[in-house]
Each structure stands twice: as C-alpha cells, then as structure tokens.
Amino acid sequence: MKSMLTLISNALCRITGRTAGAQTVSEASRVVSRSFADLTPQATFDIKRCDLHLLEDGPPVTAQLTRDQGLQYYRTMQTIRRMELKADQLYKQKIIRGFCHLYDGQEACAAGIEAAIHPSDHLITAYRAHGYTYTRGVPVREILAELTGRRGGVAKGKGGSMHMYAPHFYGGNGIVGAQVPLGAGIALACQYQGSGQLCVTLYGDGAANQGQLFEAFNMAALWKLPCIFVCENNKYGMGTSVERAAASTEYYKRGDFIPGIRVDGMDVLCVREAVRFAADHCRSGKGPVVMELQTYRYHGHSMSDPGVSYRSREEIQEVRSKSDPISMLKERMLARNMAAADEFKEMDVAIRQEVEEATQFATSDPEPPLDDLCDHVFCGDAPLAVRGTHRWSELKSVS
C-alpha cells in the first residue's frame, strides 16, 4: 500500500507542480479512495465444464467472483503454499522429523471446498492434511508447532504431520483409505441428527482401489447419506502413475450407481462451483456424490521422495507455468482490474511475515513433558491409570 501511495503521490506532483511533502492528507485520501473505487468489485469468469456421470445437469460453466472473495482465496492459497515451503525447509534442517506429506500445488482444492461448504459442515481427509487443517481454522503457528512436536501444536505436539484436528475436522488419517468409511459414518450422524450438515470425505488416487471405499459407497447410496466423496487425483500414488495403477482412471465414475463429477482441481472457482453443486445435491436428500479433482503436487509423495525419479522436472515445471492455482487466480483478477499488483505484493510480504513468526514459535515452544504422554486418551472421563512399558510402570491419563 505504501508503494502504491508513493506512485500516486509522484504522479500528482508532476501534474500540480508541488513537491511530495506539500500534498495534504485529505488530498492523498481522496486519491486512494478514488483508486480503489476504480477497481472492479465483481466479475464473472468462464470456467471449465465438468465431466458428469449419472447427472443430466452439472455445475455452471461460469463463476461470479467478488473482489473480497478473490483476495481471500488468494490469501488462503498463498498462506498454505508458504507454510508448506517452510515445512520443507524445517524438515531438511531435521527440525521436523518422521512422516511429512506436503500440499503445495493442490491449494485450490482446499480453498475451493472451504468456500463452498459451511463452517459447521464436516471434513475428513488422508495424511496430506496441512492445507485442510488451515482452512478449517487452525492458525499457521499451531500447525508448524505440531510438525515440530511442540506443546503449542494443534494436537499438543503428539500428533505430528498426519494427525491434526479441529472442530468439524477429523484429521489427518495415516491408514490409506481408512478415512472413507469414517466419513460415511459422520454423514450418517448428520442424517440421523437431522442437522442439515454434510461430510466431505477426501482420499487420493492411490487409495481409490481400496475395497473399503466401495463398501462405504454402497452403504452411502443405500441410505442416501449426505456425503461428498472427493478423490484428489494428483496423478501419482506415491511413485506410481495412475495409468500404471488403475485399469480405469475415471475416478468420478467409480461410485457406479452414485452420481459423479470430474473437476479441474487447479482452478479454485471450478472447485468451488462443483462442490456447491454437490452440496446442494446432498442437502436435498438425493444422497452422495463422487467427485474427482484433477490436481498436481509439486513435491514428492513425502519428504523422503525427491519426486523426480518417476516424473521429469520438465513435467513439474510445465504444470507450474501453465496451471498454478495461485498464479491463475492472480492473473484473472489483474486482467479484470479487480486488484492492484501492489496489493498482491503487500499480501505476500504479510504472509511471509506470518509464517516466519509462526516458525519462531514452532522452534522455541517447549516439547510436551513426559507426564502429558497419556493425556487425552479419552474425552470427559475421570483421570485413570495407564500401564507403561511393563506392569510396574503406571502413567496417568487426564481427559
């Protein structure tokens, strides 16, 4: 903003012949207000048509975006991107240890889904969970502190990368595909309680061949559960391409008897409109939807995977240059005069600062003491004794 004011100030000086110091505050205020008034408050964009299965009509092929929405989506995606890049750095410094699956490249999925559902709706995902932990309301500092195993982490430093939770967010699940039946169960609870809520149940293309998925699909269809089953197809299950792993790569048709939608998962507006459509379908009592989000991860499967032994650096760079979700949104808004370039620069600086401050917390906060080891095994119970490594060793568990 400061640089933007400077540009405006200098331009006025050339017009009026005054020095920059001679410009009054009221004049500067009028110029700034006028410059923001010149920005487009809302625009309509063409988006890619979704592929449909067992549906006559699908999501719209245009999407309305307000300026405030666009800036919010940009902030969300850019924050996830910077947070994940910082996690990469901390892992390479051996400050983060163990399993760590990064989400950079797939930010439009998390941001678009969150924009389309209600905060009171439910969401459960697999182990690539940092982005959804953030969109569900957990601050960056608590996510990074969880990754570094500190007491101020969202799971008190005991969950790590794959086990983060928040209200209406059920993790982070480390067993491939195991969250899908759980998501169907959450949707059953929504239906049973008559809450009008739904559950977004996410899994990857690598989990799409799991038998438990099809059992969950069958039950969800029979009982018309309000569940959106979302396959985040990032083209590779660990180091195996989808073409080598699946006889059919049309994951949106895998529900067979369940309606399906295939969506451009690199476009936040496509994701938002598709999930809105699916949510309306579920809330109207028509049952579940299977959705495939075609996306791409820039990092390897996990931090132990360099990500270039089964795909080329050129392939990764091509996706970055042509389909990056953050760049796509930014270019759209600039092209329609919905924001100034300086606004994005200032936002980037603020996000970097937020992530750096979160990193300071995540590396200085104390680790949880041994006395906390068995706490939170149960919820709402009286303190109980937990057997340690042998029968003479007892630990205390506090809910």
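Since the model is a prediction, treat every value here as computed from it, not as a measurement.

Q: Help me understand the overall build of the protein, please; the structure alone is not making it clear to me.
A: Each helix and strand counted, the protein has 13 helices and twelve strands in total. Taken over the C-alpha trace, the protein has a radius of gyration of 24 Å; the compact-globule value for 399 residues is 21 Å, and the two agree within 12%. For the protein, the residues scored as buried account for 50% of the 399 residues in total. Put simply, of all contacts in the protein between residues at least 6 apart along the chain, 71% involve residues at least 24 apart.

Q: Looking at this structure, I do not really get the pattern of salt bridges. What am I missing?
A: Side chains bearing opposite charge may pair, as long as their charged atoms lie close to each other. Tallying each qualifying case throughout the model produces 14 salt bridges. The residue K86 makes a salt bridge to E356 at a minimum N-O spacing of 2.9 Å. In this pair, K86 sits in helix α3 (residues 67-92) while E356 sits in helix α13 (residues 341-364), placing the two residues 270 residues apart along the sequence. With a relative accessible area of 38%, E356 lands in the partly exposed category. Between R151 and D372 there is a salt bridge, with its nearest N and O atoms 3.1 Å apart. Taken together, the residues span a long stretch of sequence, with R151 in the loop between α6 (140-147) and α7 (179-193) and D372 in the loop between α13 and β11 (384-387) at a distance of 221 residues. Among the charged side chains, a salt-bridge network with shared partners connects R81, E107 and D324.

Q: Help me out: how do you make sense of the sheet that holds strand β5 (residues 199-204) in this one?
A: Consider a sheet: its strands pair through backbone hydrogen bonds, and that pairing is either parallel or antiparallel. Strands sit in the order β2-β9-β10-β6-β5-β4 across an open sheet of six strands; the sheet is mixed. Because the sheet does not close on itself, it has two edges, and the strands there are β2 (51-53) and β4 (122-124). On average, adjacent strands in this sheet sit at an angle of 20° to one another, irrespective of strand direction. As paired strands, β4 and β5 are joined by three bridges and run parallel to one another. Along β5, the bridge assignment pairs L123 with V200. Running over the sheet, α7 touches β4, β5 and β6 (227-233) and is turned about 175° from β5. Relative to β6, helix α8 (residues 211-223) is tilted by about 150°, and along the sheet it contacts β5, β6 and β10 (289-294).

Q: Whenever I open this one, the layout of surface pockets confuses me. Can you help?
A: The rolling of a water-molecule-sized probe over the atoms marks out the regions of remaining empty space. In this structure, the largest pocket spans a volume of roughly 600 Å³. What lines the largest pocket is a set of 40 residues, among which Y127, R128, G237, M238 and H301 lie closest to the centre. If you list the elements that add at least two residues to the lining of the largest pocket, you get β5, β7 (236-237), β8 (240-241) and α9 (242-245). A class-by-class count of the residues in the lining of the largest pocket yields 18 nonpolar, 18 polar and four charged. Considered as a void within the structure, the second largest pocket measures approximately 260 Å³ in volume. Y298, H299, G300, P306 and V308 are, among the 14 residues lining the second largest pocket, the residues nearest its centre. Elements with a contribution of two residues or more to the lining of the second largest pocket: α3 and α11 (313-323). Broken down by element, the residue count for the lining of the second largest pocket peaks at four residues, all from α11.

Q: Even after reading the chapter, I still don't get the packing of aromatic side chains, so can you show me in this structure?
A: Considering all chains together, one arrives at five aromatic pairs under this definition. The interplanar angle of 75° and the centroid separation of 5.8 Å between the aromatic rings of F214 and F217 together place this pair among those described as edge-to-face. With a gap of three residues between them, F214 and F217 both fall in helix α8, about one helical turn apart. Pairing Y236 with Y310 gives two aromatic rings, centres 5.2 Å apart and planes at 50°, and the pair type is tilted. With Y236 in strand β7 and Y310 in the loop between β10 and α11, this pair connects stretches of sequence that are 74 residues apart. R141 extends its terminal NZ or CZ atom over the ring of F361, reaching a point 3.7 Å from the ring centre.

Q: Whenever I open this one, α3 confuses me. Can you help?
A: Helical periodicity: at 3.6 residues per turn, an α-helix aligns residues three or four positions apart in one direction. With 26 residues, α3 should reach 38 Å at 1.5 Å per residue; the first-to-last C-alpha distance of 38 Å fits that figure. Where α3 ends, the next residue or the one after it, K94, has phi of about 65°, a positive value.

Q: When you look at the nonpolar core in this model, what are you seeing that I'm missing?
A: Taken as a class, soluble globular proteins show a tendency for nonpolar side chains to be buried jointly. Counting residues in each nonpolar core, the largest one holds 72 residues, and the members touching the most others are I113, Y132, V200, I228 and M291. In this structure M291 touches I228, F229, V230, C231, I261, V263, A274, V275 and A278, once residues within four positions along its chain are discounted. Membership of the second largest hydrophobic core comes to 22 residues, among which are A207, L213, F229 and I258.

Q: I'm lost on the pairing of β11 in this one. Help?
A: Consecutive side chains along a regular strand alternate between the two faces of the sheet. Pairing of β11 with strand β12 (residues 394-397) involves four bridges; the strand directions are antiparallel. Opposite L384, over in β12, you have S397 as the bridge partner. Counting the residues in the hairpin turn of β11 and β12 gives six residues.

Q: When you look at α6 in this model, what are you seeing that I'm missing?
A: The element α6 is extensively covered by neighbouring structure, given that six of its eight residues are classed as buried. Among the residues of α6, V140, I143, L144, A145, E146 and L147 are the ones counted as buried. Of the surrounding secondary structure, the elements contacted by the buried residues of α6 are α3, α5 (130-135) and α13. At the exit of α6 stands G149, carrying a positive phi of roughly 75°.

Here is what the cut-offs are and how they apply
Residues numbered from 1 in each chain as written. Predicted model: local features only at pLDDT ≥ 70, side-chain atom pairs only at ≥ 80, totals over all residues. Heavy atoms only, no water. Helix = DSSP H or I, 4+ residues; strand = E, 2+ residues; numbered from the N terminus. Rg over C-alpha atoms; globule rule 2.2 N^0.38 Å. Buried < 20%, exposed > 50% of the residue type's maximum accessible area, 1.4 Å probe, protein only. Contact = heavy atoms within 4.5 Å. Salt bridge = Lys/Arg side-chain N within 4 Å of Asp/Glu carboxyl O. Pairing = 2+ DSSP bridges. Axes fitted to C-alpha atoms, helices over the stretch in contact; angles between N-to-C directions. 1 Å grid on protein atoms, 1.4 Å probe; cavity = no way out; pocket = protein on both sides within 12 Å on 5 of 7 lines; lining within 4 Å. Points joined across faces, edges and corners; volume = space filled by probe spheres on them. Nonpolar A, V, L, I, M, F, W, Y, C, P; charged D, E, K, R; others polar. Phe/Tyr/Trp six-rings, centres within 6.5 Å; stacked < 30°, edge-to-face > 60°. Lys NZ or Arg CZ within 6 Å of the ring centre and 35° of its normal. Expected span 1.5 Å × (residues − 1). Core = buried A, V, L, I, M, F, W, Y, C linked by side-chain atoms within 4.5 Å.

Function-wise, these values are silent; they only describe arrangement.
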